[in-house]
Amino acid sequence: MYFGKTGGVLLKIQLYKKDGLSEPEIDIRYSKLSKQLNRIIHYIKQQENVIEGFIQSNMYQIPLNDILYFEIVDRKTFIYTRTEIYECKKNLLTLEHELAETNIVRISKNVLLNISSLSYVKPYPNHRLLAELSNGESLIVSRKYISILQNKIRGSYYD
């Protein structure tokens with residue numbers, strides 16, 4: 001099956017069912033590692049990331065791709081998904097460093113955004129941006145973090 005073009009070359013995807021595997025395997029063959037292929041690799045690797053979140057005393061393993069954003073409220077870190085709000089025991093700085101090679105980016109002093117959940121951004125007063133998420137929620141991108149968000153969206157962290 002041919003999937004599409006990456007860097008002017010068709011990307012060929014072959015899927016094989018193999019009985020007896022304890023976990024799925026992904027093999028990627030290439031002659032030159034393109035930016036687009038590198039994005040695919042990072043996306044696949046991101047599937048492994050889970051974050052511990054708590055509701056009351058119950059701990060949950062939350063896949064990173066399910067997380068819309070992280071926010072600090074009253075000195076507590078919260079994880080927002082489409083359906084739940086979890087408390088996280090880690091602070092934003094720790095999360096930011098641990099998730100630097102993922103789609104997570106700081107957009108304000110109190111918020112880390114998963115750009116996979118971003119629908120669009122538009123100008124907002126005082127040289128800020130309004131980030132509209134896939135669930136319809138909106139977040140403000142502070143001036144200080146606009147260029148960081150733009151670079152993350154443009155994929156410069158894959159180079």
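Refer to the preceding data block for the structure.
Thresholds applied
Residues numbered from 1 in each chain as written. Predicted model: local features only at pLDDT ≥ 70, side-chain atom pairs only at ≥ 80, totals over all residues. Heavy atoms only, no water. Core = buried A, V, L, I, M, F, W, Y, C linked by side-chain atoms within 4.5 Å. Buried < 20%, exposed > 50% of the residue type's maximum accessible area, 1.4 Å probe, protein only. Helix = DSSP H or I, 4+ residues; strand = E, 2+ residues; numbered from the N terminus. Contact = heavy atoms within 4.5 Å. Expected span 1.5 Å × (residues − 1). Polar contact = N/O pair within 3.5 Å; in protein donor to acceptor, adjacent residues only side chain to side chain.

Comments concerning the nonpolar core
Nonpolar side chains in soluble globular proteins tend to be buried together.
Then, in step 1: Core analysis: the largest hydrophobic core is formed by 17 residues, its most contacted members being Tyr69, Ile107, Leu113, Leu133, Leu139, Val141 and Leu149.
Then, in step 2: Listing elements by their share of this core, those giving two or more residues are strand E5 (67-73), strand E6 (76-81), strand E8 (104-108), strand E9 (111-114), strand E11 (128-133), strand E12 (138-141) and helix H3 (146-154).
Then, in step 3: By residue number, the principal contributor to this core is E11, which donates 3 residues.
Then, in step 4: The contact partners of valine 141, leaving out residues within four places of it in the chain, are Ile107, Arg128, Leu129, Ala131, Ile146 and Leu149.
Then, in step 5: Ranked by size, the runner-up nonpolar core spans 13 residues in total, among them Leu92, Leu95, Ile104 and Leu112.

Focus on helix H1 (residues 35-46)
Residue pairs three or four apart in sequence face the same way in an α-helix, which turns once every 3.6 residues.
Then, in step 1: With 12 residues, H1 should cover 16 Å at 1.5 Å per step; its first-to-last C-alpha distance of 16 Å lies within 8% of that length.
Then, in step 2: If you check which residues of H1 are buried, you get Leu37, Asn38, Ile41, His42 and Gln46.
Then, in step 3: Buried residues in H1 make contact with E9.
Then, in step 4: Regarding H1, its N-cap is serine 34, as a side-chain oxygen of that residue lies 3.1 Å from the backbone nitrogen of leucine 37 further along.

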